[in-house]
Amino acid sequence: MSSMNFSPDDEDAQYRDRFREVADSYDWLAMRAVRQESEDLHVERYSLEFHRRLAKEGLVGLTWPTPHGAGARVDQQLLMAEELECQGFPGYGLTTNQRGGGMLLRSGSPEQIAEHLPHVVDGSWTYCQGLSEPGAGSDLLSLRTRAVRDGDHYIVNGAKLWTSSAHISQWCSLLVRTDPEGKRHKGLSLLLVDLKSPGIEIQPVWVLGGWRVNAVFYDNVKVPAANLVGEENGGWNVITGNLDEERAMSFGGTETRLIAARLIHRLQGMADQLSEADLETLGRFVMELEADRLLYLRVGLAAGRHEDTSGIGPMSKVNGSELAQRFIQWAADLIGEEALFASDDANEDVLAADIEQQLRVATVLTVIGGTSEVQRNIVSTRHLGLPRSN
Ligand SMILES: Cc1cc2nc3c(=O)[nH]c(=O)nc-3n(C[C@H](O)[C@H](O)[C@H](O)COP(=O)(O)OP(=O)(O)OC[C@H]3O[C@@H](n4cnc5c(N)ncnc54)[C@H](O)[C@@H]3O)c2cc1C
C-alpha cells in the first residue's frame, strides 16, 4: 500500500517560501493599500497592483508548461495560494486569470495561446467568465445569448448576469448559443470577447459584502471568428474544464481558517469570558476546518495527478462555503455588537471589521460557482455514479 504524506517536501515548500518572501516585503501600510484597492475596485479579494507583483515574481501560471509557466503541479500551486490567503493577501486575480489562460492551453489554437498567455503571465490582461444569464444559472444549458456567423466575425446579441470582475477585465470568456436547433449543450460555443468592443454595456449589480458583479449587455457585438475557442458548437466541453477548475478552488475555507486563527489568538487569556459551550463549539469548528483543509488538499493532489476532479471538487466547494457561513455567524455572535459596527479605520478593531465583512461575503459563497443544492447533485451523479432523475 502506498504511504500517505500530507507534508510538503522541499520542492513543494519552495513555492510557499517564494511567496513568503513576497509577503515579507509588504509592511502594514502596504498591506492596507492592497486592502484599500480591493475595496475601491469592489471585487472581493482582488488587487490589480498585487496581482501584477505576483506576475513580476513569476508566480502567475506556475502550473503551465514552459515557456509560459514553471511546470509546477496543481497541489504545489495550491500551497502557494493557501499561504497567500492565510496571510490575508487577495488571491482572486490569480484564480480568475489563470482560469482564462488554462482554458486556452486546454482548448485554444496556437495563435490564441501565443497572443494571450504572455499577457496573462505578465499580469497585463485580466479575464472574466460570462456564463450565467437571467433565467440560466443552475440550468446553464438553457442560455440564450446568440452568436451568428457573418463572414470573418460572429455577431453577438444577448444579456449575461453576475459576470464577476467584468468592469476591470479586458477579456470575457463568453458562452453563447451558435446553433439554436442543437439540443442543449450541443449548440453552445465559447468566444473570447474584447470587452472594449462597440455594443457592450456593463452595468453594476451589487451583492452583499460590497461586492460588485455585473449585468453585461451585448448588442450586435462583432467578435472575430478567430476568437472562437475550440470547435463551433463544442463550447460545453471547453467550459466544463473551467468549471472543474473553479470548484477545486477554496470557497471560504482558507479565509475562515485565517479568521479562526486570529480569533483564537484574541481569545488567549480571556478564559473568564468563554463558556464551556463556547470552548466546545470552537473545538468542533477547529476539527471541521482541519478536515476541510484535507479535503481541499485532496482535490488539489488529484488535480496535480491529472485525475478527474469533477466529482470531488464540488464536495470541497460545498463543505468550505457552508462551514465558512456557520463559523462566521458563530464568531460574530461571540464577538457581539462590535462585529456589526466595526470598520477598519486605523483606530478601530480590524478583526471585528473583518468578521463583519466576512459575515456578508460568506452569504454568497454557497451560490457563486454553482449552488450547494446543485453541487450535491453533482456529488451524487459524478462521484457516486448514481443516475439522474428526470
Ligand atoms: C457573487 C456572485 C458572483 C458570480 N459570478 C459569476 C461569474 O463570474 N460568471 C457567471 O457566469 N456566473 C456568476 N455567478 C452566477 C452563479 O453561478 C449563479 O448565481 C448560480 O449558478 C445559481 O444560478 P441562479 O442565480 O440563476 O439561481 P437558480 O438557478 O435560479 O437557482 C435558484 C434556486 O433553485 C435551486 N435549484 C436550481 N436547480 C436545482 C436543481 N436541479 N436541484 C436542486 N435545486 C436546484 C438552487 O440551488 C437555488 O437555491 C455569480 C453569482 C454570484 C452570487
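How each quantity is defined
- Residues numbered from 1 in each chain as written.
- Predicted model: local features only at pLDDT ≥ 70, side-chain atom pairs only at ≥ 80, totals over all residues.
- Heavy atoms only, no water.
- Helix = DSSP H or I, 4+ residues; strand = E, 2+ residues; numbered from the N terminus.
- Rg over C-alpha atoms; globule rule 2.2 N^0.38 Å.
- Buried < 20%, exposed > 50% of the residue type's maximum accessible area, 1.4 Å probe, protein only.
- Contact = heavy atoms within 4.5 Å.
- Areas by Shrake-Rupley, 256 points an atom, 1.4 Å probe, with all protein chains shown as cover.
- Lys, Arg positive; Asp, Glu negative; His and termini not counted.
- Charge placed at Lys NZ, Arg CZ, Asp CG, Glu CD.
- Near = heavy atom within 4 Å.
- Polar contact = N/O pair within 3.5 Å; in protein donor to acceptor, adjacent residues only side chain to side chain.
- 1 Å grid on protein atoms, 1.4 Å probe; cavity = no way out; pocket = protein on both sides within 12 Å on 5 of 7 lines; lining within 4 Å.
- Sits in = over half its atoms within 2 Å of the grid points.
- Domains from an automatic or database assignment.
- Points joined across faces, edges and corners; volume = space filled by probe spheres on them.
- Phe/Tyr/Trp six-rings, centres within 6.5 Å; stacked < 30°, edge-to-face > 60°.
- Pairing = 2+ DSSP bridges.
- Expected span 1.5 Å × (residues − 1).
- Arc of directions from axis to C-beta.

1. Section: the overall build of the protein chain
What the protein chain contains, in helices and strands, is 13 helices and eight strands. Taken over the C-alpha trace, the protein chain has a radius of gyration of 21 Å; the compact-globule value for 390 residues is 21 Å, and the two agree within 12%. With the C-alpha coordinates aligned to their principal axes, the bounding extent of the protein chain is approximately 75 × 55 × 45 Å. With 390 residues in all, the protein chain has 52% of them scored as buried. The long-range fraction of contacts in the protein chain, counting pairs at least 24 apart against all pairs at least 6 apart in sequence, stands at 71%. Carbon and sulfur atoms form 52% of the exposed surface of the protein chain, whose accessible area is close to 18600 Å². In the protein chain, 37 positive and 56 negative side-chain charges are present, and the distance between their average locations comes to 6 Å.

2. Topic: the site of the ligand
The ligand sits among 17 residues. The nearest are Ser138, Trp162, Ser164, Thr371 and Glu373. Here Ser132 contributes a side-chain N or O atom positioned 2.7 Å from a nitrogen atom of the ligand. Measuring from an oxygen atom of the ligand, one finds a side-chain N or O atom of Glu373 at 2.7 Å. Bound to the protein, the ligand loses 66% of the 970 Å² it would expose on its own. Judged by the proximity of its atoms to the pocket grid, the ligand belongs to the largest pocket. If you tally residues by element for the shell around the ligand, the top one is helix α13 (residues 372-383), at three residues. Structurally, the shell around the ligand is a two-domain feature, drawing no fewer than three residues from each of domain 2 (128-234) and domain 3 (248-383).

3. A few points about the layout of surface pockets
In this model, the largest pocket occupies a volume close to 1400 Å³. In terms of lining, the largest pocket is formed by 49 residues, of which the most central are Gly137, Arg247, Gly369, Gly370 and Thr371. Elements supplying a minimum of two residues to the lining of the largest pocket: α5 (92-107), β7 (211-224), α7 (235-247), α12 (350-365) and α13. The computed volume of the second largest pocket comes to approximately 940 Å³. In terms of lining residues, the second largest pocket is bounded by 37 residues, among which Thr63, Val74, Arg106, Glu245 and Ala303 are the most central. Among the elements that make up the lining of the second largest pocket, the one with the highest residue count is α5 (seven residues).

4. Comments concerning the side chain of Asp292
Assignment of secondary structure puts Asp292 in helix α9 (residues 276-304). Given the relative accessible area of 3%, Asp292 is considered buried. Among the polar contacts listed, one links the side chain of Asp292 to the side chain of Arg257, at a separation of 3.3 Å. Apart from the residues lying within four places of it in its own chain, the contact partners of Asp292 are Gly253, Arg257, Ser316, Asn319, Gly320 and Leu323.

5. Notes on the packing of aromatic side chains
What the rule picks out here adds up to ten aromatic pairs. Judged by centre distance (5.8 Å) and plane angle (75°), the ring pair of Tyr46 and Tyr92 falls under edge-to-face. Of this pair, Tyr46 sits in the loop between α2 (28-41) and α3 (48-56) while Tyr92 sits in helix α5, placing them 46 residues apart in sequence. For the residue pair Tyr46 and Tyr92, the accessibility class agrees, reading buried in each case.

6. Quick look at the pairing of strand β4 (residues 171-177)
Look at any regular strand and the pattern is simple: side chains alternate between the two faces of the sheet. The buried count for β4 comes to seven of seven residues, which makes it a mostly enclosed element. Alternating residues of β4 divide into Trp171, Ser173, Leu175 and Arg177 and Cys172, Leu174 and Val176, and every residue in both groups is buried. Bridge count between strand β1 (residues 127-130) and β4: four bridges; the pairing is parallel. Bridge pairing in β4 links Tyr127 to Trp171. Bridge count between β4 and strand β5 (residues 188-194): seven bridges; the pairing is antiparallel. The residue bridging Leu175 from the neighbouring strand is Leu190, located in β5.

7. Some points on helix α6 (residues 110-121)
In this model α6 runs 16 Å from its N-terminal to its C-terminal C-alpha over twelve residues, within 8% of the 16 Å that 1.5 Å per residue would give. Along α6, the residues classified as buried are Gln112, Ile113, His116, Leu117 and Val120. Taken around the axis of α6, the buried residues stretch over an arc of 110°, which confines them to a single face. Among the exposed residues of α6, those pointing more than 90 degrees away from its buried face are Glu111 and Ala114. Next to the buried residues of α6 lie α5, β1, β4, β5 and β8 (228-229). In the segment just after α6, Gly123 is the residue with positive phi, at about 75°.

Remember, this is a structural readout, not a statement about activity or role.
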